[in-house]
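If you want the building blocks of each chain, they are given just below.
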Amino acid sequence: MSGKVEPDIRVQREDFDLQAEVDRLSARTSSIGAIVTFSGLCRDEGGTLAALELEHYPGMAEAEIARIASLAVDRFDLLGLTAIHRYGKISAGGNIVLVVAAASHRQAAFDGANYLMDYLKTSAPFWKKEHGVDGKAGDWVAAKGSDDAAHDKWK
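Residues numbered from 1 in each chain as written. Predicted model: local features only at pLDDT ≥ 70, side-chain atom pairs only at ≥ 80, totals over all residues. Heavy atoms only, no water.

**Student:** Help me out: how do you make sense of the environment of Asp 118 in this one?
**Tutor:** Within the secondary structure, Asp 118 sits in helix α3 (residues 106-123). Residues Asp 118 and Ala 149, 31 residues apart in the sequence, show an inter-C-alpha distance of 9.0 Å. (Helix = DSSP H or I, 4+ residues; strand = E, 2+ residues; numbered from the N terminus.)

**Student:** For this particular structure, what's the right way to read helix α1 (residues 18-26)?
**Tutor:** Because each turn of an α-helix spans 3.6 residues, side chains separated by three or four positions in sequence point in the same direction. Those residues of α1 lying buried are Glu 21, Val 22 and Leu 25. Buried residues along α1 cover an arc of 100° about the axis, so they all sit on one side. Looking at the buried residues of α1, the elements they touch are β1 (8-12), β2 (34-41), β4 (80-86) and β6 (95-103). For α1, the capping residue at the N-terminal end is Asp 17, with a side-chain oxygen 3.0 Å from the backbone nitrogen of Gln 19. (Buried < 20%, exposed > 50% of the residue type's maximum accessible area, 1.4 Å probe, protein only. Arc of directions from axis to C-beta. Contact = heavy atoms within 4.5 Å. Polar contact = N/O pair within 3.5 Å; in protein donor to acceptor, adjacent residues only side chain to side chain.)

**Student:** Sorry, what's going on with the pairing of strand β8 (residues 137-140) here?
**Tutor:** Residues in a regular strand point their side chains to alternate faces of the sheet. By the bridge criterion, 2 bridges tie strand β7 (residues 126-132) to β8 in an arrangement that is antiparallel. Note on β8: the bridge partner recorded for His 131 is Ala 137. Once β7 ends, the chain turns through 4 residues before running back antiparallel as β8, passing Gly 135 with a positive phi of about 90°. (Pairing = 2+ DSSP bridges.)

**Student:** How should the side chain of Asn 95 be read in this particular structure?
**Tutor:** By the secondary structure assignment, Asn 95 is in strand β6. One polar contact links Asn 95 to Asp 15, side chain to side chain, over a distance of 2.8 Å. If sequence neighbours within four positions are ignored, Asn 95 has contacts with Asp 15, Phe 16, Ser 39, Gly 40, Leu 41, Arg 86 and Ile 90.

**Student:** Would you mind showing me how to read the sheet that holds β1 here?
**Tutor:** Strands sit in the order β1-β4-β6-β2 across an open sheet of 4 strands; the sheet is mixed. Every other strand in the sheet has two partners, leaving β1 and β2 as the edge strands with one partner each. Looking at each pair of strands side by side, their axes are set apart by 5° on average, direction ignored. Pairing analysis gives 8 bridges linking β2 to β6, with the strands arranged antiparallel. When the sheet's bridge partners are listed, Val 36 is paired in β6 with Ala 101. (Axes fitted to C-alpha atoms, helices over the stretch in contact; angles between N-to-C directions.)

**Student:** What am I meant to see in a nonpolar patch on the surface here?
**Tutor:** A grouping of Tyr 57, Met 60, Trp 127 and Trp 140 is seen on the molecular surface, where their side chains present a nonpolar patch of about 450 Å² in accessible area. The residue Trp 127 is located in strand β7 in this model. Classification of Trp 127 as partly exposed rests on a relative accessible area of 41%. (Patch = residues over 30% accessible without salt bridge, like charges linked within 9 Å, V, L, I, M, F, W, Y side chains within 5 Å. Areas by Shrake-Rupley, 256 points an atom, 1.4 Å probe, with all protein chains shown as cover. Salt bridge = Lys/Arg side-chain N within 4 Å of Asp/Glu carboxyl O.)

**Student:** How do you make sense of the packing of aromatic side chains when you look at a structure like this?
**Tutor:** The way to describe two aromatic rings as a pair is by their centre distance and the angle between their planes. Going through the model one piece at a time under the given rule, you end up with 2 aromatic pairs. An angle of 70° between the planes, with centres 5.4 Å apart, marks the rings of Phe 76 and Tyr 115 as edge-to-face. Note that Phe 76 is positioned in helix α2 (residues 60-76) and Tyr 115 in helix α3, a separation of 39 residues in sequence. Judged by its relative accessible area of 11%, Phe 76 is buried. Residue Tyr 115 is classed as buried on the basis of its relative accessible area, which comes to 4%. Here the aromatic rings of Tyr 115 and Tyr 119 are separated by 4.8 Å at their centres, their planes lie at 40°, and the arrangement is tilted. Highlighted residues: Tyr 115 and Tyr 119, both in helix α3, separated by 4 residues, approximately one helical turn. The same class applies to Tyr 115 as to Tyr 119, namely buried. (Phe/Tyr/Trp six-rings, centres within 6.5 Å; stacked < 30°, edge-to-face > 60°.)

Shown next as structure tokens:
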């Protein structure tokens, strides 16, 4: 593989196939020694949540994820990086986000995936609204201080 690694960034309504994404990334080069995946799911919050509704700022979301992903590629010398973030109404148990980081060595792959997820949680323009099992739509979910702290450790 020659040249700069271009991250594969997708913001989509459709679900994704984790194994297909790993296979696609691992087929790019035999220099890969480690692949780390993170798959974020919609949890049911103890049986009270039926779904999350995710909205994004089209164009800006993709650009911000691409910017962050390029930083991760450079910082951790990644050989490949995929980030998929879904939008729309996602039922409990459904996939929300996938990060697949590939590197020559495991620590770089772990760090690259972790770095990208910490930035996605705080910097990418997405908003989440809860939908309860009682059929009522809740409020938009506020950012968490713990997400900001995770983001700040990379500075």
